[in-house]
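# Breakdown of the fold
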Amino acid sequence: LNRGFTEMHCMSGHSNFVSCVCIIPPSDLYPRGLIATGGNDHNICIFTVDNPVPLYILKGHKNTVCSLSSGKFGTLLSGSWDTTAKVWLNDRCMMTLQGHTAAIWAVKILPEQGLMLTGSADKTIKLWKAGRCERTFTGHEDCVRGLAILSEMEFLSCANDASVRRWQISGECLQVYYGHTNYIYSISVFPQCKDFVTTGEDRSLRIWKQGECAQTIRLPAQSVWCCCVLDNGDIVVGASDGIIRVFTESLERTASAEEIQAFENELSQASIDPKTGDLGDINADDLPGREHLKDPGTRDGQTRLIKDNGKVEAYQWSVSEGRWIKIGDVVGSSGATQQTSGKVLFEGKEYDYVFTIDVNESGPSYKLPYNITDDPWLTAYNFLQKNDLNPMFLDQVAKFIMDNTKGQTLLSTSAQFSDPFTGAGRYVPGSSSGSSTIPAADPFTGAGRYVPGSASNTVAPVGGADPYTGMGAYQSASAKVENIYFPKKDAVTFDQANPTQILGQ
């Protein structure tokens, strides 16, 4: 008896990672329905069920398409990091919804004709009717990451503030649900009722019934990116370890004893970083020993920490089985797990740093987001371009970035998974080790990046290292080494300047 799923075929059409998937219901033209996918390449691909090549590609967004929702009569709603949502009918864009000030992480088409919802990194949710914003829902204290429809009059939202909110279409917040200890990425409703499930950055899937968290299922991965309830009530989750898992209440569909044991073993070997706060404040010296597990738990999902032979272990109480299940070893502050919660949010995206730059004393200050995987020179260049600032500040801004990040680079560990939103290995707190790792190739030049303080003992070629590639610039044998900037024999003109400061120098 095969209780699982089999892969029919692998669909491809995007040039970069796929960030969302959505089913378009069957129609007369496509009786088996269609599949829509949104990608980092700014495109939406539409597939038929039996063809691995796109039927057509929807172009129009200017950044990653990170959310999709389908409605009646083949309508499709898309949300993007470009701060807009778009309404599509078949292969045409019918309207663009503009009003959010940051990335749109979640979109949903409501049952009532013409009503649509968008949730954004600007912490708000907007209700749209016929392309116009009818209402803005405020209350979340961080990025809104997911939306789910309860009825024609009610919906749910989840956010990076670790809360779920239940709203009335009229604008009133009816209830706030707390339980997660970190970002909540995804929310999905059970068919024909108001119970729902959520997943997030705290390694957990949580099942909510009658407004309470009825069950917590821990997973052997830090980020549980998405969840979905199937028509039969089974729950599907996708996590940062690259595995899709299906959970069921049905005895007929339950996995074999071997598979369940393998899952428990995998869970028990997981490392839990105390810095994530998933288990509260931990003081290893005050923890009881293994005998503490003889006392039964008081509720499903309750966690208990014990100290055994100097190691801290985490257990979770299972009401159905009447026993404590090991959910992992609590590691020291070595940063042994991946986590994104150490990042700073800017315009709905996560960065290692967001600096405030004052170009001149009287003018405005600007925000400069930066990841340690980025090239400081290229980041500085893009920052100046974006804010229409004078290119003469390039050296100054690049040096500011390098001074304030102290030349941190990522540890290159093959065991790390790529972050599905950035395509790069995620930043792991505490990972700026003293070991000298080979800098990653610059995605723009294909060469090793310049890393401050990384000058090796080898004699640098005449002319020094190229700041963009980290390699010696090509010199012909007869070329005389010259500084192209100094001495300056012609007059220099400035597009914009602060004369007082210049004269003061």
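So, here's what we can say about the structure. Every value quoted in this text rests on a predicted model; they were computed, and no experiment measured them.

## Focus on the side chain of Ser163
Examined against the element boundaries, Ser163 turns out to sit in strand β15 (residues 163–168). Polar contacts involving the side chain of Ser163 include one to the side chain of His140, which spans 3.5 Å. In this structure the side chain of Ser163 is engaged in a polar contact, spanning 2.8 Å, whose partner is the side chain of Asp161. Residues within four places of Ser163 in sequence aside, it is in contact with His140, Ser157, Cys158, Val176, Tyr177, Tyr178 and Ile184.

## Points about the packing of helix α2 (residues 376–386) against helix α3 (residues 394–405)
The N-to-C vectors of α2 and α3 enclose an angle of 125°; their axes lie 8 Å apart at closest approach. Relative to α3, α2 is oriented oblique. Helix-helix and strand crossings are classified by hand; for α2 and α3 the assignment is right-handed. Residues Pro376, Trp377, Thr379, Ala380, Tyr381, Phe383 and Leu384 of α2 touch α3, and the partners they reach there are Leu394, Asp395, Val397, Ala398, Ile401 and Met402. Within the contact of α2 with α3, the residues separate by chemical class into 11 nonpolar, 1 polar and 1 charged.

## Some thoughts on the packing of aromatic side chains
Under the criterion given, the structure shown has 12 aromatic pairs. Between Phe137 and Trp167, the ring centres sit 5.5 Å apart and the planes meet at 75°, which makes this aromatic pair edge-to-face. A residue pair is termed long-range when its members are at least 10 positions apart, and Phe137 in strand β12 (residues 132–137) and Trp167 in strand β15 qualify at 30 residues. Neither Phe137 nor Trp167 differs from the other in exposure class; each is buried. Grouped by ring-pair contacts, the aromatic residues Phe137, Phe155 and Trp167 constitute a single cluster. The ring of Trp105 has Arg145 sitting right over it, with the charged end atom 4.2 Å from the ring centre.

## Things to note about the nonpolar core
Considering soluble globular proteins, one finds that nonpolar side chains tend to be buried as a cluster. Ranked by size, the top nonpolar core spans 16 residues in total, and within it Leu368, Ala380, Phe383, Leu384, Val397 and Ile401 carry the most contacts. Mapped onto this core, the elements with two or more residues apiece are β30 (353–358), β31 (365–370), α2 and α3. Leaving out residues up to four positions away in the same chain, Leu368 has contacts with Tyr353, Val354, Phe355, Ile357, Thr379, Phe383, Val397 and Ile401.

## So, the sheet that holds strand β24 (residues 271–272)
With mixed pairing, the 4 strands of this open sheet are ordered in space as β24-β27-β26-β25. On the outer flanks of this sheet lie β24 and β25 (303–308), each paired with one strand and no other. Here β24 pairs with strand β27 (residues 323–330) via 2 bridges, running parallel. In the strand pairing of β27, Ser271 is matched with Asp329.

## A few points about the environment of Met8
If you trace the backbone, Met8 turns up in the segment before β1 (18–24). Residue Met8 is classed as exposed on the basis of its relative accessible area, which comes to 60%. Along the backbone, Met8 and Asn51 are 43 residues apart, and their C-alpha atoms lie at a distance of 9.8 Å. Leaving out residues up to four positions away in the same chain, Met8 has contacts with Arg32 and Val49.

## Concerning helix α1 (residues 257–268)
Helix length check: α1 (12 residues) gives 16 Å between terminal C-alpha atoms against 16 Å at 1.5 Å per residue, within 8%. Taken together, the buried positions of α1 are Glu264, Leu267 and Ser268. Considered in projection along α1, the buried side chains sweep an arc of 95° and stay on one side of the axis. Exposed residues pointing more than 90 degrees away from the buried face of α1 are listed as Glu258 and Glu259.

## A word on the pattern of salt bridges
Summed over all chains, the structure comprises 14 salt bridges. Between Arg32 and Asp50 there is a salt bridge, with its nearest N and O atoms 3.6 Å apart. Here Arg32, found in the loop between β1 and β2 (34–39), pairs with Asp50, found in the loop between β3 (44–48) and β4 (56–58); they are 18 residues apart in sequence, far enough to count as distant. Taken individually, Arg32 and Asp50 each receive the classification exposed, so the pair is uniform in this respect.

Definitions and limits used
- Residues numbered from 1 in each chain as written.
- Predicted model: local features only at pLDDT ≥ 70, side-chain atom pairs only at ≥ 80, totals over all residues.
- Heavy atoms only, no water.
- Helix = DSSP H or I, 4+ residues; strand = E, 2+ residues; numbered from the N terminus.
- Polar contact = N/O pair within 3.5 Å; in protein donor to acceptor, adjacent residues only side chain to side chain.
- Contact = heavy atoms within 4.5 Å.
- Axes fitted to C-alpha atoms, helices over the stretch in contact; angles between N-to-C directions.
- Parallel < 35°, antiparallel > 145°, perpendicular 65-115°, else oblique.
- Left-handed = near helix turned anticlockwise from the far one by under 90°.
- Nonpolar A, V, L, I, M, F, W, Y, C, P; charged D, E, K, R; others polar.
- Phe/Tyr/Trp six-rings, centres within 6.5 Å; stacked < 30°, edge-to-face > 60°.
- Buried < 20%, exposed > 50% of the residue type's maximum accessible area, 1.4 Å probe, protein only.
- Lys NZ or Arg CZ within 6 Å of the ring centre and 35° of its normal.
- Core = buried A, V, L, I, M, F, W, Y, C linked by side-chain atoms within 4.5 Å.
- Pairing = 2+ DSSP bridges.
- Expected span 1.5 Å × (residues − 1).
- Arc of directions from axis to C-beta.
- Salt bridge = Lys/Arg side-chain N within 4 Å of Asp/Glu carboxyl O.

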